Amino acid sequence: MEKRALHSPDLTARNVERIAELFPQVIKESRDAEGNIVRGVDFDLLRQELSDHVVEGPQERYQLDWPGKRAAAFAANAPIAKTLRPVRAESVDFDTTKNLFIEGDNLDALKLLQESYLGKVKLIYIDPPYNTGNDFVYEDDFAESSADYLARSRQKSDTGDRLVANTETNGRFHSDWLSMMYPRLKLAKNLLADDGVLVVSIDENEHASLVRLGEEVLGDASYVGEIVLKNSSKNDQAYVSVQHEYIVFFVKNRQANPGAWVEKKEGLDKIYAAFDGFRKKHGDDWAAIHAAAKDWYKQFPASHPVSASKHYTWMDSRGVYFPDNIAGPNDGQYVYDVAHPETGRTVKMPSTGWRYPEAAMRARIADGRVHFGSDETTVPNNKTYLANTEYQSLTSIRYVDGRAASKRLATLFGEKVFTNPKDEFLLRDIYRAVGVTGDDVVLDMFSGSGSALQAVLELNHTAESSSCHFIGIQVAEDLTEALKTARGAAKQITTNAIKHLSRLGRPATVAEITKQRMRLVHEQVAVGPQVDNGFRVLKVDTSNMADTLSTADDLVQIALTESVDSVKPDRTDEDLLFQVLLDWGLDLTAPITAEEVAARRVLSVDDDALIACFANDVTDDLVKMIAARHPLRAVFLDATFATDAARINAEQIFREVSPETEVRTI
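The following paragraphs examine the structure supplied in this document. Values in this document were obtained by computation on a predicted structure and should not be read as measured data.

1. Some details on helix α11 (residues 402–413)
Its 12 residues place the ends of α11 18 Å apart at the C-alpha level, agreeing with the 16 Å of an ideal helix rising 1.5 Å per residue. Against the buried residues of α11 lie α12 (424–433), α15 (489–503) and α16 (510–524). Positive backbone phi, at 90°, marks G414, one or two positions downstream of α11.

See the structure below:
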């Protein structure tokens, strides 16, 4: 039986093996201090293999660089001896949901998801720290204690007081942010499907760095545009008062995702309702309806969605329209006389001639699809109907009242518990516009209040073809610590959140706010019975095995020996099962059933795609009964087999009864 490693994939080793498949001649082998063979890459030879000329030395190239970049790249590839532990008590519909919420550092979580969700995520949305000098910046060092980490990362001083995480007086202000983002985006890229989309909310502090970083990780052609989000009217800054944020878009592969992104225009329901009222009042008096419509549009400011369609001021029996250009695109395209339907005289022709041949033009006039002026002195126009132009390309300017999302969240909780949540309806519309549909997966690795997760449920509720799933990740950031540096309204809102969670008997962390929001959505929001609005909670934790540690030296030892002993006393068989699911790269939302087989507890995943038994005294009869079910995979505790003979006997049973079963131990 193969014994499994109990750490996340070694991405460096995986990359070396991929290079070896293409260019075996650039692989060099050496021995480490213990005499083990270590494979590496001769980068000078690799550069030569990839060049059409003689390479004499390091080549300069256009790239984004900063102090700490190499360490950040290493942080992305370094394996970790951690796992995801299921928490049924904090989940909703644990046994049936396909949604995941992972509590823990997103760098750890992304590493643990590499096998199970490799290339399976359609859209990744993130709302990372904006690096304003007052928000949390992750720093990653697996070899230090949490106390040392908090002090070094300036989250706490020597006296234990929380400090600002990353102030502009820090000489590595931007570098620290880039080093935090780089490994996370590298790992996130692996999870994206070939046609996958990365969507990032950001403000002016790191907007330029984000675009360059996205191109660095996803490729020069990955950046495809951004939405400028007008969400403020403040006028309190020096030089230029910034009243907007950005939503930046990247694609993993332009060929796989050509960008046919469209959105439905906003405000259409209001416009149709208004014209229905005009029609009831004025009947077929189209001129009176036109005048009423022009007056009606005046009430809306330029920022209102209705104003984008204010040129649709006319109506006929077919519906609402605007008089569009009917001129030929080329000078002298089609030249002929057209009579005005009322005066009978020849109308004024566009300077470049008509757009249509004469026969087609006559047919359009007969069908009532040409808009004429009151007499022949004005050029006629095409009738472009609003019903035929309800969709448009995803536009780069948005006006969003940031207070609306805050009010909805406060209504959900009964009070304000989170500062400046993202707008779940805006995110829903973005998902729809970029083609999230079917059973696609949306990942948010900075979940915050959970807006991006609720947006998935809102999409499923409003789109018939959508049954998408979410993966949310949020670190358990301590709200009591955040309260120490909170100012203004944020201080009161953070206090509300702490008290709210205390009344529920839950820890005062951001992750608890996220989970509670999704519970309230499940209870209160009418998303429809067909919508999966549950979630399975998993928490990042140390390995289940007692002697598996997490320092850099320990990880090297684990990678070389893969030796572990007993299971930690606080771990359950479901804890062990999820470690196996991660290791095998299986679906973390697959249904799990527990049953008694030969007086032992056995776990079956997805109708015997995997059968696990972690009892300490597995008998031959039990092994035979499991093998008789012909599972695709079977797993046992290594300690179950006290002798090599017992292990060999179990292997022989599977070879005879179910040779197709892959059998492993942990």
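Still to come is the rest of the account.
2. A closer look at the packing of helix α8 (residues 268–282) against helix α9 (residues 286–297)
α9 packs onto α8 with a crossing angle of 140° between their chain directions and a minimal axis gap of 10 Å. Relative to α9, the element α8 is oriented oblique. Like other packed secondary-structure pairs, α8 and α9 cross with a definite hand, here right-handed. Between α8 and α9, the contacting residues are K270, I271, A274, F275, F278, R279 and H282 on the first element and W286, A288, I289, A292, A293, W296 and Y297 on the second. When its residues are assigned to classes, the contact of α8 with α9 shows 11 nonpolar, 1 polar and 2 charged.

3. What to know about the pattern of salt bridges
Pairs can form between side chains of opposite charge whenever their charged atoms are close. Under the criterion given, the structure shown has 46 salt bridges. The salt bridge partner of R629 is D608, with a shortest N-O separation of 3.0 Å. Of the two residues, R629 is situated in the loop between α19 (620–628) and β23 (633–636) and D608 in the loop between β21 (600–605) and β22 (610–613); the sequence distance between them amounts to 21 residues. Assessed through its relative accessible area of 17%, D608 is described here as buried.

4. Overview of the packing of aromatic side chains
Within this structure, the stated rule accounts for 12 aromatic pairs. Here W66 and Y182 contribute two aromatic rings whose centre-to-centre distance is 5.3 Å and whose plane-to-plane angle is 90°, an arrangement assigned as edge-to-face. Linking W66 in the loop between α2 (43–49) and α3 (69–77) with Y182 in helix α6 (residues 173–191), this pair joins segments that are 116 residues apart in sequence. A residue is classified by how much of its surface remains accessible, and Y182, at 9% relative accessible area, is buried. Geometrically, the ring pair formed by F249 and W261 is tilted, given 5.7 Å between the ring centres and 50° between the ring planes. You can see F249 sitting in strand β9 (residues 244–251) and its partner W261 sitting in the loop between β9 and β10 (262–264), a full 12 residues away along the chain. You can call F249 buried: its relative accessible area is 2%.

5. Side note on the sheet that holds strand β6 (residues 121–126)
Sheet architecture is open: 10 strands sit in the order β4-β19-β5-β18-β17-β6-β7-β9-β8-β16, paired in mixed fashion. For this open sheet the edge positions go to β4 (82–86) and β16 (397–399), each flanked by a neighbour on one side alone. Each strand of the sheet is rotated relative to its neighbour by a mean of 20°, with strand direction disregarded. By the bridge criterion, 5 bridges tie β6 to strand β7 (residues 192–202) in an arrangement that is parallel. Paired with I124 across the bridge in β7 is L198. Those strands touched by helix α7 (residues 207–218) are β7, β8 (223–230) and β9, and its axis lies near 10° from that of β9. In the packing of helix α18 (residues 573–584) onto the sheet, contacts are made with β4 and β19 (536–542), and the angle to β4 comes to roughly 125°.

Cut-off values and rules
- Residues numbered from 1 in each chain as written.
- Predicted model: local features only at pLDDT ≥ 70, side-chain atom pairs only at ≥ 80, totals over all residues.
- Heavy atoms only, no water.
- Helix = DSSP H or I, 4+ residues; strand = E, 2+ residues; numbered from the N terminus.
- Expected span 1.5 Å × (residues − 1).
- Contact = heavy atoms within 4.5 Å.
- Axes fitted to C-alpha atoms, helices over the stretch in contact; angles between N-to-C directions.
- Parallel < 35°, antiparallel > 145°, perpendicular 65-115°, else oblique.
- Left-handed = near helix turned anticlockwise from the far one by under 90°.
- Nonpolar A, V, L, I, M, F, W, Y, C, P; charged D, E, K, R; others polar.
- Salt bridge = Lys/Arg side-chain N within 4 Å of Asp/Glu carboxyl O.
- Buried < 20%, exposed > 50% of the residue type's maximum accessible area, 1.4 Å probe, protein only.
- Phe/Tyr/Trp six-rings, centres within 6.5 Å; stacked < 30°, edge-to-face > 60°.
- Pairing = 2+ DSSP bridges.

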